[in-house]
Amino acid sequence: MDSGSLITGGIILLILIIPFIFLGSSVKKRKKKILSALEGLAQKNNCNITKYDVWNDTAIGMDETVKAIFFYKKIKMNEIFIPIMPDQFQKSRVANSSRVIKNEAGNYTVIDRLELVLTPREKGVPETILEFFNAGSDFSSLSEELELSSTWNETINNCIRK
């Protein structure tokens, strides 16, 4: 193998690898920005995020000392901040809006929305909805949201019971 082939092979390899490096860097920056927004919300409420998850343009976190939970979601140009004090709620549950698609290969369940629904203790107060996934507005497919919604549902219910 001559040096010209090695140089050409190296250049082609770099051309193939560089987009993945930039993509990984971009995802890390976006997640860091979302976490920063969540931490800012917590600080405005005199709390510090000690446990959190970040996915797509959404984050949820908790100050484990105060037992306060904070939710952040960015949809296009709108930002949704929701502070949650578990003692104001009687329960949390996962709401899964799905539909069945039938074709020759079989039946498939497609999830359109995945939410945590918090039922308040006080009558007449509307439920608080934390949208983990919405097929209409999220630009990615459902991935870790099912596990995250289940984990945070359990975490919130544990805080409510204490």
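Refer to the structure above for everything that follows.
This structure is a prediction, so every number in the text was calculated from the model and none was measured. (Residues numbered from 1 in each chain as written. Predicted model: local features only at pLDDT ≥ 70, side-chain atom pairs only at ≥ 80, totals over all residues. Heavy atoms only, no water.)

**A word on the sheet that holds strand β6 (residues 106-120)**
Strands sit in the order β5-β6-β7 across an open sheet of 3 strands; the sheet is antiparallel. If you trace the sheet from one side to the other, it starts and ends with β5 (89-103) and β7 (128-134), each paired once. The mean angle between the axes of side-by-side strands here comes to 20 degrees, regardless of whether they run parallel or antiparallel. Contacts from helix α2 (residues 145-161) reach β5, β6 and β7, with the element oriented near 160 degrees to β5. (Pairing = 2+ DSSP bridges. Helix = DSSP H or I, 4+ residues; strand = E, 2+ residues; numbered from the N terminus. Axes fitted to C-alpha atoms, helices over the stretch in contact; angles between N-to-C directions. Contact = heavy atoms within 4.5 Å.)

**Re the packing of aromatic side chains**
Counting across every chain of the model gives 3 aromatic pairs. On the basis of an interplanar angle of 45 degrees and a centroid distance of 5.0 Å, the ring pair of Tyr72 and Phe81 is categorised as tilted. Taken together, the ring pairs in this structure connect Trp55, Phe71 and Phe132 into an aromatic cluster. One cation-aromatic arrangement involves Lys51 over Trp152; the distance from NZ or CZ to the ring centre is 5.3 Å. (Phe/Tyr/Trp six-rings, centres within 6.5 Å; stacked < 30°, edge-to-face > 60°. Lys NZ or Arg CZ within 6 Å of the ring centre and 35° of its normal.)

**Overview of the pairing of strand β4 (residues 78-84)**
Direction of pairing for strand β3 (residues 68-75) relative to β4: antiparallel, over a ladder of 7 bridges. By the bridge assignment for β4, Lys73 is matched with Ile80. Turn length for the β3-β4 hairpin, with the two strands adjacent in sequence and antiparallel, is 2 residues, and the turn residue Lys76 shows positive phi of about 55 degrees.

**So, the pairing of β7**
Among the 7 residues in β7, 6 count as buried, and that is most of the element. In terms of strand pairing, β6 meets β7 through 6 bridges, oriented antiparallel. Pairing of Leu116 across the sheet is with Leu130, part of β7. (Buried < 20%, exposed > 50% of the residue type's maximum accessible area, 1.4 Å probe, protein only.)

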